[in-house]
Amino acid sequence: MATRVVVGTQWGDEGKGKYIDMLAKNSDIVVRFSGGNNAGHTIVAGGVKYALHLIPSGILHNGKTCIIGNGVVIDPAVLLREIDELNDKGINTDKLLISDRAHVIMPYHKELDELQEKFRGSNSLGTTKRGIGPAYADKTERCGIRMCDLIDADLFKQKVKANLDVKNLIIEKVYGGQGFDAEKVLEEYSQYARRLKRYVTDTNSVLFNAIEEGKDILFEGAQATFLDLDFGTYPYVTSSNPVAGGVCTGAGIGPVFINEVYGVLKAYTSRVGAGPFPTEQDNEIGNKIRELGWEYGTTTGRPRRCGWLDTVMIRYAAKVNGLTALAINHVDTIGKLSKIKLCRAYKKDGVEISHFPASLKELDKCEPIYEEFDGWDTDISNVRTYGELPENARKYLSRLEELVGVRIKLIGVGKEREQTIVVT
Ligand code: GDP
Ligand code: IMO
Ligand code: MG
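Calculation notes
Residues numbered from 1 in each chain as written. Chains lettered and ligands numbered in written order. Predicted model: local features only at pLDDT ≥ 70, side-chain atom pairs only at ≥ 80, totals over all residues. Heavy atoms only, no water. Donors = N, O, S within 2.8 Å, 3.2 Å for Na, K, Ca; no water. Helix = DSSP H or I, 4+ residues; strand = E, 2+ residues; numbered from the N terminus. Buried < 20%, exposed > 50% of the residue type's maximum accessible area, 1.4 Å probe, protein only. Near = heavy atom within 4 Å. Polar contact = N/O pair within 3.5 Å; in protein donor to acceptor, adjacent residues only side chain to side chain. Areas by Shrake-Rupley, 256 points an atom, 1.4 Å probe, with all protein chains shown as cover. Core = buried A, V, L, I, M, F, W, Y, C linked by side-chain atoms within 4.5 Å. Pairing = 2+ DSSP bridges. Domains from an automatic or database assignment. Contact = heavy atoms within 4.5 Å. Buried area = accessible area lost by both parts, 1.4 Å probe. Salt bridge = Lys/Arg side-chain N within 4 Å of Asp/Glu carboxyl O. Axes fitted to C-alpha atoms, helices over the stretch in contact; angles between N-to-C directions. Parallel < 35°, antiparallel > 145°, perpendicular 65-115°, else oblique. Left-handed = near helix turned anticlockwise from the far one by under 90°. Expected span 1.5 Å × (residues − 1).

K.L.:
Tell me what's going on with the coordination of the magnesium ion (ligand 3), and back it up with residues and numbers.
P.N.:
The expected angle between donors at a tetrahedral four-coordinate metal is 109.5 degrees. At an octahedral six-coordinate metal it is 90 or 180 degrees. All of the protein donors around the magnesium ion (ligand 3) are D13 (OD) and G40 (O); their distances to the metal are 2.0 to 2.1 Å. Residue D13 is found in the loop between β1 (3-8) and α1 (16-24), and its partner G40 is found in the loop between β2 (29-32) and β3 (41-45); the two are separated by 27 residues along the sequence. Overall, the relative accessible area of 22% leaves D13 in the partly exposed class. Using a relative accessible area of 11% as the deciding quantity, one classes G40 as buried.

K.L.:
Which residues make up the site of ligand 2, and what are the values?
P.N.:
Taken together, 20 residues lie around ligand 2, and D13, K16, H41, T128 and T238 are the ones closest in. The contact in question runs from an oxygen atom of ligand 2 to an N or O atom on the side chain of N38, over 2.8 Å. T238 places a side-chain nitrogen or oxygen 2.6 Å from an oxygen atom of ligand 2. When ligand 2 is considered free in solution it has 550 Å² of accessible area, and contact with the protein chains removes 97% of it.

K.L.:
Break down the site of ligand 1 for me, citing the residues and quoting the values.
P.N.:
Lining the immediate environment of ligand 1, one finds 19 residues, of which K16, G17, G40, T42 and D332 sit closest. Contact between ligand 1 and G15: an oxygen atom at 2.9 Å from a main-chain N or O atom of the residue. Between ligand 1 and K18, the relevant distance is 3.1 Å, taken from a nitrogen atom to a side-chain nitrogen or oxygen of the residue. When ligand 1 is considered free in solution it has 590 Å² of accessible area, and contact with the protein chains removes 95% of it. Looking at the shell around ligand 1, the elements with two or more residues in it are α1, β3 and α12 (331-334).

K.L.:
Summarise the nonpolar core; cite the residues concerned and give the values.
P.N.:
Within the largest apolar cluster, 55 residues are counted, with the highest numbers of intra-cluster contacts made by I74, L79, I98, M106 and M147. Residue contributions to this core peak at seven residues, all from helix α7 (residues 182-196). Among the nonpolar cores identified, the runner-up in size contains 52 residues, and A244, L400, I408 and V413 belong to it.

K.L.:
Break down the sheet that holds strand β11 (residues 260-266) for me, with residues and values.
P.N.:
Judged by pairing direction, the sheet is mixed, and its 10 strands sit side by side in the order β9-β7-β5-β2-β10-β1-β11-β15-β19-β20 without closing on themselves. Looking at strand neighbours, the two that pair on one side only are β9 (200-201) and β20 (420-422), the edges of this open sheet. Inspection of the sheet shows strand β15 (residues 325-329) paired to strand β19 (residues 408-412) by three bridges, in the parallel sense. Looking across to β19, one finds that A327 is bridged to L410.

K.L.:
Now, about the domain arrangement of the protein chain: what can you tell me, with residues and values included?
P.N.:
Domain annotation for the protein chain reports domain 1 (3-99 + 200-260), domain 2 (103-196) and domain 3 (265-422). At the interface, 38 residues of domain 1 touch 42 residues of domain 3. Its largest share of buried area at the contact with domain 3, domain 1 owes to Q10, W11 and Y19, together 23% of the area lost on that side. Taken together, the connections running from domain 1 to domain 3 amount to three salt bridges. Notably, a salt bridge pairs D21 with R417, separated by 2.6 Å at the nearest N-O pair. The tally of links between domain 1 and domain 3 comes to 20 residue pairs in polar contact (both at pLDDT 80 or more). The set of elements that each furnish at least two residues to the side of domain 1 that touches domain 3 consists of α1 and β3.

K.L.:
Quick rundown of the packing of helix α11 (residues 311-321) against helix α14 (residues 391-404)? Include the residues and the values.
P.N.:
Across the interface, α11 lies against α14 with an axial gap of 9 Å and an inter-helix angle of 55°. Between α11 and α14, the interaxial angle falls into the category oblique. Crossing hand, α11 versus α14: right-handed. Mapping the contact onto sequence places T311, I314, R315 and A318 in α11 and L400, L403 and V404 in α14.

K.L.:
Lay out helix α2 (residues 76-88) in plain terms, naming residues and giving numbers.
P.N.:
Here α2 contains 13 residues, and its C-alpha end-to-end distance of 18 Å stays within 8% of the 18 Å for a straight helix at 1.5 Å per residue. Two or three places before A77, at the start of α2, stands the capping residue D75, its side-chain oxygen 3.2 Å from that residue's backbone nitrogen. Just downstream of α2 lies G90, where phi reads positive at about 85°.

K.L.:
Can you tell me about helix α4 (residues 132-141), naming the residues and giving the values?
P.N.:
Along α4, the positions that sit buried rather than exposed are I132, P134, A135, Y136 and D138. Packed against the buried residues of α4 are β6 (73-74), α3 (107-120) and α6 (153-174). Positioned one or two residues after α4, R142 has a phi angle of 70°, which is positive.

K.L.:
Pulling in residues and values, what's your account of the pattern of salt bridges?
P.N.:
The final tally for this structure, using the stated rule, is 25 salt bridges. Notably, a salt bridge pairs R198 with D94, separated by 3.3 Å at the nearest N-O pair. With R198 in the loop between α7 and β9 and D94 in the loop between α2 and β7 (96-99), this residue pair connects regions lying 104 residues apart in the sequence. By relative accessible area, R198 is classed as exposed at 57%. Connected through salt bridges with shared partners, the residues R344, E352, E371, R399 and E402 form a single ionic network.

Structure, rendered in C-alpha cells:
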C-alpha cells in the first residue's frame, strides 16, 4: 500500500493537477480533501486541455475511484457542469463519490463573498468570489448545510429557511444587497439534489476499507501552503487547510496512514489576488515570466503576479507539510531568462533571517537575499532524464535542493503529462 499526498508549496497554481494526473495512473483512488471550486487544475493530455475545479484530477484515467472528501465545499451547479463537460469529452464519471459530510455552497455564500469583498474596499483580499470563505465560516459557525442534508428534502427545507432568516437580514441590512427567496432556492437546489444523490456516500468508510485492503491512494491538494488559513499570509489566505495535515481532517484518515508527501513548486513564484509577496517582480522581469509561463488564472482568468523562487517559503513548506519529495514545474520556462535569481534568505532590520515571519508588518521589512544563476536558452521540452538537462539547469536545481533539504523527484519541462523527468 502507498498513500501519497500532493500539496502546493507556494500560493497555488504550481501545476499540482499535472502531477496528480500523472501519479493517478498508479493509484486506485484519488481524493480531494480541501477547498472548492476556487481551485483550477489544468491538465494537458494527448493535446487536449482539461480545467478541473472540483472533480479530482485522477478522473482522466478510466476506472479510478475519485472522491470529493468531507473537507471540500461543493457548489452543486459547478460540480454538475463539470460532470457534464467531462462526459461530453468522453470521460466516464461513474466512479465519482462525494462525502455526505462535505458542505454545500449556497447562493447566499456567493453573494456574501461579493459583498464582503466590496465592503473591504482597498483592503479586499482578491477572493475568487465563489462563496468559499462564507461557506467555511458557516461550517465553523455550525449552521452549514452538508451533502447529507441536501439530499434529504425535509431537512434541507428546514435548514435553508433557518439560514435565510439570518442571511437575508445580513445581506439587506448590513450590506444593502438583495436577499434570496427561499422557495426559489429550494426549487433550484432540489434539481441538483436529484442528480447528485447517486454519488453521495460515506466516503470515510470507502477510504478505511481501501486502506485495509492495501490500495494505493492519492490525496489531491488544492490551493497551497501560503494560502493555508493557519500557515499562510493571513488574512490573505483561503478559508481551509490545504497543507498535508488537512488530509486527516478533510478526508478522515489518521496521520500514520500518510506515506509520502510531494510538494509542488514552480521554478519561480506566482500569486493571484492580494497579499504580500517578498520576491515579486512588479516590472519587466515579472511581465516576461508571466508571458513565458502563460500565467493567467485557470479559474478567474486574472493575470498572475510573478517573481523569483523563494526558498525561505519552500523550506517552511517542507516543514509544515513534512515533504518527502519536491516536484518542480516550469523549468523550461525559467531557463529562457538570461539571468535567474533564487532567494536564499531574507534581510530584516540588518540581520539575515531564514524563517518566514507570521506578522505581515515584519514580513514587509524583509528584503530577499538572492543568488544569481545563468539561464539555459535551449529547448528542454523533450528532455526526459536528469543527466540530459543543461549544466546551468542542473546547477540551479541542485542549489535549490541544498537550500531546501528535500530531494527533487519530479521535474516539469512542459504542460503535457509526459513532459516530466522522473529523477531516479
Ligand atoms: P494547479 O492549480 O497547481 O494545478 O496549477 P494550474 O493548472 O492552475 O497552473 C499551472 C499552469 O502551468 C497550467 O497552465 C499548466 O498547464 C502549466 N504547466 C504545468 N507544468 C508545466 C511545466 O513544467 N512547463 C510549462 N511550460 N507549463 C507547465
Ligand atoms: P489552485 O488549486 C491560486 C486565492 C485567491 C485569493 C485567496 C482567497 O488552482 O492552486 P478564496 O476564493 O479561496 O476565498 O480566495 O486565495 N486562491 C488561489 N490562488 N490558486 C488557487 O487554487 C487558489 N484558490 C484560492 O486568488 O487570493
Ligand atoms: Mg490552479
